[in-house]
Amino acid sequence: MRYYFFLVIFLSSIAAHSQSADKLGIVKHNHIGLHVKDIQASTKFYRETLGLQPIPVPDDLKAIRSWFKLGEDQQIHLLAGRTEPVVNDRNGGHFAVFVESIDQAEAFLKKRNIAYHPQVRFDGVKQIYITDPDGYVIELNQISTKK
């Protein structure tokens, strides 16, 4: 009986190891890091324009990092020190976020004279594209209330 117990444990550990070795195992997104030229200007944009909540940064990183909460458990990390320009080519590199109301977002941008590009997606959903101080493209989408 003891032999079977150890055999089951041994085979279970082999199966568990085999499964974990067959895939990377990503379960969700944690954060995006953006290399920025002017940490103060970018911090102001992400805090005041996007309205993101700052996250405390360790004291020894405060001069070169800014972190922001993005949703429940996702973050944007701004990393100082970029010296090369951000190039937005035809491939459309960007990141996308949901907004409560696309119309409210557009009114906010108009009121503050922030340049944006509205677009209607193939399925009829209105989107807005803006850029941060470094030129990173941010796509705004209205969050769906459909379940």
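In this convention, every chain numbers its residues from 1, walking through the sequence in written order. Only residues with pLDDT of at least 70 are given local features in this predicted model, and only at 80 or more are side-chain atom pairs given and counted; all residues enter the totals for whole chains, interfaces and linings. Hydrogens and water molecules were not included; the side-chain quantities draw on all heavy atoms of the structure.

The chain carries the name VOC family protein in an unreviewed UniProt entry, which gives Xanthocytophaga agilis as its organism.

Draft legend 1. The arrangement of the packing of aromatic side chains in detail. Planes of paired rings set the category: under 30 degrees apart is stacked, over 60 is edge-to-face and the rest tilted, where pairs are Phe, Tyr or Trp rings (Trp by its six-membered ring) whose centres lie within 6.5 Å. Summed over the entire model, instances satisfying the criterion amount to 2 aromatic pairs. Plain terms: the ring middles of Phe45 and Tyr46 are 5.3 Å apart, the flat faces sit at 80 degrees to each other, and that makes the pair edge-to-face. Exposure class is identical for Phe45 and Tyr46. Each is buried. Here the aromatic cluster, defined as three or more aromatic residues joined through ring pairs, consists of Phe45, Tyr46 and Phe68. Burial here depends on accessible area, computed with a 1.4 Å probe over protein chains only, as a share of the maximum for the residue type. Under 20% is buried, over 50% is exposed, and the range in between is partly exposed.

Draft legend 2. View of helix α3 (residues 102-111). Elements are defined by DSSP. Helices are runs of H or I of four residues or more, strands are runs of E of two residues or more, and each kind is numbered from the N terminus. When we look at burial in α3, the residues that qualify are Ile102, Ala105, Glu106 and Leu109. Down the axis of α3, the smallest arc covering the buried residues is 100 degrees, so these residues share one side. Pointing more than 90 degrees away from the buried face of α3 are the exposed residues Asp103, Gln104 and Lys111. Contacts are residue-level and defined by heavy atoms, with any inter-residue pair within 4.5 Å sufficient. On its buried face, α3 sits against β5 (95-99), β7 (126-131) and β8 (137-142). Backbone geometry just after α3 places Asn113 at a positive phi near 55 degrees. Picture the helix axis, draw a direction to every C-beta atom, and the arc is the one those directions span.

Draft legend 3. Fine view of the layout of surface pockets. Of the pockets and cavities examined, the largest pocket occupies roughly 750 Å³. Leu50, Leu52, Val97, Phe98 and Val99 are the residues nearest the centre of the largest pocket, which is lined by 26 residues in total. Of all the secondary-structure elements, those providing two or more residues to the lining of the largest pocket are β5 and α3. With 5 residues, β5 is the single largest residue contributor to the lining of the largest pocket. In this count, Pro and Cys sit with the nonpolar residues alongside Ala, Val, Leu, Ile, Met, Phe, Trp and Tyr, while Asp, Glu, Lys and Arg are called charged and the others, Gly among them, polar. Among the residues making up the lining of the largest pocket, the classes are represented as 16 nonpolar, 8 polar and 2 charged. Of the grid points, spaced at 1 Å and generated over the protein atoms alone, those admitting a 1.4 Å probe that cannot get out make up cavities, while open sets with protein on both sides within 12 Å along at least five of seven lines make up pockets; any residue with an atom within 4 Å of a point is treated as lining. Grid points are joined across faces, edges and corners, and a volume is the space filled by probe spheres set on the points.

Draft legend 4. The environment of His77, seen in detail. As for its placement among the helices and strands, His77 is situated in strand β4 (residues 75-80). For the pair His77 and Leu34, spaced 43 residues apart in sequence, the C-alpha to C-alpha distance is 6.2 Å. Setting aside residues up to four positions removed in sequence, His77 forms contacts with His31, Ile32, Gly33, Leu34, Ser66 and Trp67. In terms of polar contacts, His77 uses its side chain to reach the side chain of His31, at 3.5 Å. A distance of 2.6 Å separates polar atoms of two side chains, one belonging to His77 and the other to Gln75. Pairs of N or O atoms are called polar contacts if they sit within 3.5 Å, as long as, within protein, a hydrogen donor faces a hydrogen acceptor (for residues adjacent in sequence, only side-chain-to-side-chain pairs).

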